[in-house]
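Per-entry structural report
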Amino acid sequence: MNQIKTFKSNHKINQTVLVGWFWSKYVRTSIWTLILALVFMSVEGSMMGLLSYAVKALFDNVFLSGNEEQVWFVAVAIFLIFSVRALSGLLQRLLVAYVGQGISKTLQKDLVSHMLTLDIQYFHRNAPGLLIERVRVDSQRIIDNLANIIMTLGRDGVALISLLLVAFIIDWRWALIAFLGAPILIIPILFLQNWIRSAATKSRDAEADISTSLDEIFHGIKAIKLNNIEKYEMGRLEKILEFTRNVKFKMESGIAGMPAMIDIIAALGFFGVMIFGGGEIIQGDKSVGEFMGFFTAMALIFEPLRRLSNISGSFQVALASISRLHLIFQESPKIKSPKDPIRIKSLKKPFNVKFDGVYFSYYNKNIISNLSFNAMEGNLTAIVGSSGSGKTTILNLISRLIEPSQGSIGIGSVNISDFELKELRSLVSVVSQESSLFDDTIRNNILVGRLKATEREIKAAVKDSLVIEFLEGLPRGLETLVGPRGANLSGGQRQRVLIARALLRNSPVLLLDEPTSALDYKSEAAVQKGLVALSKGRTTILIAHRISTVMNADNIIVLKNGSLVEEGKHHELLKKGGVYADLAKIKSAKIKNIN
């Protein structure tokens, strides 16, 4: 089973710190609305005490005395009690819901906003399904449980006090007998608190595992079907579901244990009151109305007491989610803008990209070793090498998605670490082999390159990228929805949309990571012309496996195990008969075999 470890909660985090953080950041701004809600909760809760007292009047002043004049008085009183309770209950729920949804919105917005500042490695460590679970489920779990806690404390707390007051007014000895066993609950409740929080923590981790597994299944459905591994994937999911079921049952057992203990104490209390109070009524020391009023108060008291006992469980569940979100907010990006960045406006041409003795390590393994080269403005610089030689890593280093372990990278005469991150990335346009399309229209996916582009500029990008060729076959043209991750388009169509996006961005540095990998040879040849034209006046770095894609490059850099082993033009490298020539032979042999 794929256990998620990244977000395992730190049980040593002080509860007061967590609650204080959440209160000051998200709850305090709504304090006056919550106070108003608490007023209505108090009104709703106090009606329970009035109701039990009204029962005493009903028996003593109406049923036993036979006073018909009191019937209307008691009836109206009970009607008003229920009406006020209904209205105050409605208002307090609306106010709490309004505050809760506002906090949920702010929390989710802040969480996603913070995540977007984190380094790309953070998203490599944490699966999308898990992050979605944190943003949507954990935040909503906090709000649901805190709303329950606030309403229970406000409404049931006052109800408990008012009912206790009535019980003690009627007979303080009966009340003491009824609650004689209450102290026995302290130790079991403390034990159940720890039980529930531990189970809630494991439950949240297990639910995150489910989201991750489902994300992998639905995004990998094609591979699952082609490899006939439906049963295998269902087996993996079933293990996670079974683990989740057991953990949730453990948590629910703890939560259910609270009211169960309350009921046992209530049974003992009622037993004592019946034995002690029954004799007083028979002897005439107490009226039937007093007993019924007391009995009603005690019967009503244990329901809010039951709900109040569940507060501890709700609090522990909320705390488990707060702890997870707090850990995310504690994460900080390692790649940051400098305090005093160099502005792009001060940058002078040419916008050459220069690597000087660059190393990059991942998990103590060198991916790039002592790499030095100069990609000149106006030229097309190609990077080739076998899989795993570090080609894509170079593009990620240029845009500072990752940082070199050693050495320097410059654009123009400035080290890229001296730029403000947003400005650095505005210098760069990237066409990746990954399909970075959003579930939106073709037009809006192209506009991601430059949101304020004119219609004329969009049309030019659509034409130069050959998107126009397949637009004619789409009924809605540019307004066609591409689907999740571009699922409604073919691989070649998706790649052309990405090229159009880069063309529209029109940045001085163009990074192309297998830009024609999903195109047939005819389309590749046409797009190649556009890429060659696009590289004029720009610094273009192209990664490609196909030798035909790099043949016209001004300079070809050949990598092997992260190191530069050859450099030159296509014909020069072929004459050397080295690594590049070997790659060319391999590619040619593959093409012949395919044909």
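This structure is a prediction, so every number in the text was calculated from the model and none was measured.

**Some thoughts on the packing of helix H1 (residues 15–27) against helix H11 (residues 311–330)**
Where H1 meets H11, the closest approach of the two axes is 10 Å, and the angle between their N-to-C directions is 75°. The orientation of H1 relative to H11 falls into the category roughly perpendicular. Here Gln15, Leu18, Val19, Trp21, Phe22 and Tyr26 of H1 come into contact with H11, specifically with Phe315, Gln316, Leu319, Ile322, Ser323, Leu325, His326 and Phe329. Among the residues making up the contact of H1 with H11, the classes are represented as 10 nonpolar, 4 polar and no charged.

**As for the nonpolar core**
With 38 residues, the main nonpolar core has Ile442, Ile446, Val497, Val550, Ile556 and Tyr580 as its most contacted residues. Not counting residues within four places of it along the chain, the set of residues in contact with valine 497 comprises Leu437, Ile442, Asn445, Ile446, Val467, Phe470 and Leu489. Grouped together as the second largest cluster of nonpolar side chains are 30 residues, Leu347, Phe373, Ile409 and Ile543 included.

**Observations regarding the pairing of strand E3 (residues 380–385)**
In terms of burial, E3 is a largely internal element, 6 of the 6 residues being buried. The alternating pattern of E3 places Leu380, Ala382 and Val384 and Thr381, Ile383 and Gly385 on opposite faces, both of which are buried. With 4 bridges connecting them, E3 and strand E8 (residues 539–543) associate as parallel partners. Residue leucine 380 lies in a different strand from E8, and its bridge partner there is threonine 540.

**Regarding the pattern of salt bridges**
Under the criterion given, the structure shown has 12 salt bridges. Here glutamate 331 makes a salt bridge to arginine 125, at a shortest N to O gap of 3.9 Å. Of this pair, glutamate 331 sits in the loop between H11 and strand E1 (353–362) while arginine 125 sits in helix H4 (residues 120–125), and the two are 206 residues apart along the sequence. Relative accessible area serves as the criterion here: at 44%, arginine 125 is assigned to the partly exposed category.

**Details of the packing of aromatic side chains**
For the structure on display, the rule yields 6 aromatic pairs. Within the aromatic cluster, the residues linked to one another by ring pairs are Trp21, Phe22, Tyr26 and Phe329.

**Some details on a nonpolar patch on the surface**
Together, Trp32, Ile35, Leu36 and Val39 make up an exposed nonpolar region whose accessible area comes to about 420 Å². Topologically, leucine 36 is positioned in helix H2 (residues 31–63). The exposure class of leucine 36 is partly exposed, given its relative accessible area of 41%.

**Thoughts on unusual backbone geometry**
The backbone phi angle of arginine 400 is positive, close to 60°, even though this residue is not glycine. With respect to the helices, strands and loops of the structure, arginine 400 is situated in the loop between helix H12 (391–398) and strand E4 (406–411). Residue arginine 400 is classed as buried on the basis of its relative accessible area of 3%. At asparagine 506, a position not held by glycine, the phi torsion is positive, near 55°. Among the secondary structure elements, asparagine 506 is positioned in the loop between helix H17 (491–505) and strand E7 (509–513).

**As for the side chain of threonine 381**
Checked against the element boundaries, threonine 381 lands in strand E3. Residue contacts for threonine 381: discarding those within four places in its chain leaves Ala375, Met376, Thr540, Ile541, Leu542, Asn555 and Ile557.

**Topic: the packing of helix H5 (residues 128–170) against H11**
In contact at an axis separation of 9 Å, H5 and H11 are set at 145° when each is read in the N-to-C sense. Crossing handedness for the pair H5 and H11: left-handed. The residues of H11 that touch H5, namely those facing Arg134, Asp138, Ser139, Arg141, Ile142, Asn145, Leu146, Asn148, Ile149, Thr152 and Leu153, are Ile311, Ser314, Phe315, Val317, Ala318, Ser321, Ile322, Arg324, Leu325 and Ile328.

**Details of the sheet that holds E3**
Within a sheet, adjacent strands bond to each other through the backbone by hydrogen bonds, running parallel or antiparallel. Here 6 strands make up an open sheet; going across it, the order is E6-E7-E8-E3-E9-E10 and the pairing mixed. Two strands close off the open sheet at either side, each with one partner strand: strand E6 (428–431) and strand E10 (563–568). Between one strand axis and the next, the sheet turns through 20° on average, direction left out of account. Pairing between E3 and strand E9 (residues 555–560): 5 bridges, direction parallel. If you follow alanine 382 over to E9, its bridge partner there is isoleucine 556. Helix-sheet contacts for H17 involve E6 and E7, and the interaxial angle to E6 is about 170°.

**Side note on the pairing of E9**
Judged by how many residues are buried, E9 sits mostly within the fold: 5 of 6 residues are covered. In this sheet, E10 lies alongside E9 in antiparallel orientation, the contact comprising 5 bridges. Counterpart to valine 558 in the pairing with E10 is glutamate 566. A loop of 2 residues connects E9 with E10, the two strands running antiparallel in sequence, and asparagine 561 in this loop sits at a positive phi of about 55°.

**Quick word on the environment of leucine 401**
Structurally, leucine 401 can be placed in the loop between H12 and E4. Sequence separation of leucine 401 and aspartate 119 is 282 residues, and the distance between their C-alpha atoms is 6.8 Å. Ignoring any residue separated from it by four or fewer positions in sequence, one finds leucine 401 in contact with Ile120, Ile335, Asn396 and Arg425.

**Remarks on the confidence of the model for the chain**
On average, the chain scores 79 in pLDDT, and the residues at 70 or more come to 77%. Low pLDDT, under 50, characterises residues 1–11; the predicted model gives this stretch 33 contacts beyond four residues in sequence or across chains.

**Some points on the sheet that holds strand E2 (residues 365–375)**
The strand order across the open sheet built from 4 strands is E2-E1-E4-E5, with neighbouring strands paired in antiparallel fashion. Single-partner strands in this sheet number two, and they are E2 and strand E5 (414–415). As paired strands, E4 and E5 are joined by 2 bridges and run antiparallel to one another. Each bridged residue has a counterpart across the sheet, and for isoleucine 411 the counterpart in E5 is valine 414. Across the sheet, H12 is in contact with E1, E2 and E4; its angle to E1 comes to roughly 115°.

**Overview of the side chain of arginine 501**
Residue position: arginine 501 is located in helix H17. With no salt bridge to any partner, buried arginine 501 finds its closest opposite charge in aspartate 440, at an N-O distance of 9.4 Å. Apart from the residues within four sequence positions on either side, arginine 501 is in contact with Ser436, Leu437, Phe438, Asn445, Ile446, Val448 and Gly449.

Conventions and cut-offs
- Residues numbered from 1 in each chain as written.
- Predicted model: local features only at pLDDT ≥ 70, side-chain atom pairs only at ≥ 80, totals over all residues.
- Heavy atoms only, no water.
- Axes fitted to C-alpha atoms, helices over the stretch in contact; angles between N-to-C directions.
- Helix = DSSP H or I, 4+ residues; strand = E, 2+ residues; numbered from the N terminus.
- Parallel < 35°, antiparallel > 145°, perpendicular 65-115°, else oblique.
- Contact = heavy atoms within 4.5 Å.
- Nonpolar A, V, L, I, M, F, W, Y, C, P; charged D, E, K, R; others polar.
- Core = buried A, V, L, I, M, F, W, Y, C linked by side-chain atoms within 4.5 Å.
- Buried < 20%, exposed > 50% of the residue type's maximum accessible area, 1.4 Å probe, protein only.
- Pairing = 2+ DSSP bridges.
- Salt bridge = Lys/Arg side-chain N within 4 Å of Asp/Glu carboxyl O.
- Phe/Tyr/Trp six-rings, centres within 6.5 Å; stacked < 30°, edge-to-face > 60°.
- Patch = residues over 30% accessible without salt bridge, like charges linked within 9 Å, V, L, I, M, F, W, Y side chains within 5 Å.
- Areas by Shrake-Rupley, 256 points an atom, 1.4 Å probe, with all protein chains shown as cover.
- Left-handed = near helix turned anticlockwise from the far one by under 90°.
- pLDDT = per-residue confidence, 0-100.
- Lys, Arg positive; Asp, Glu negative; His and termini not counted.

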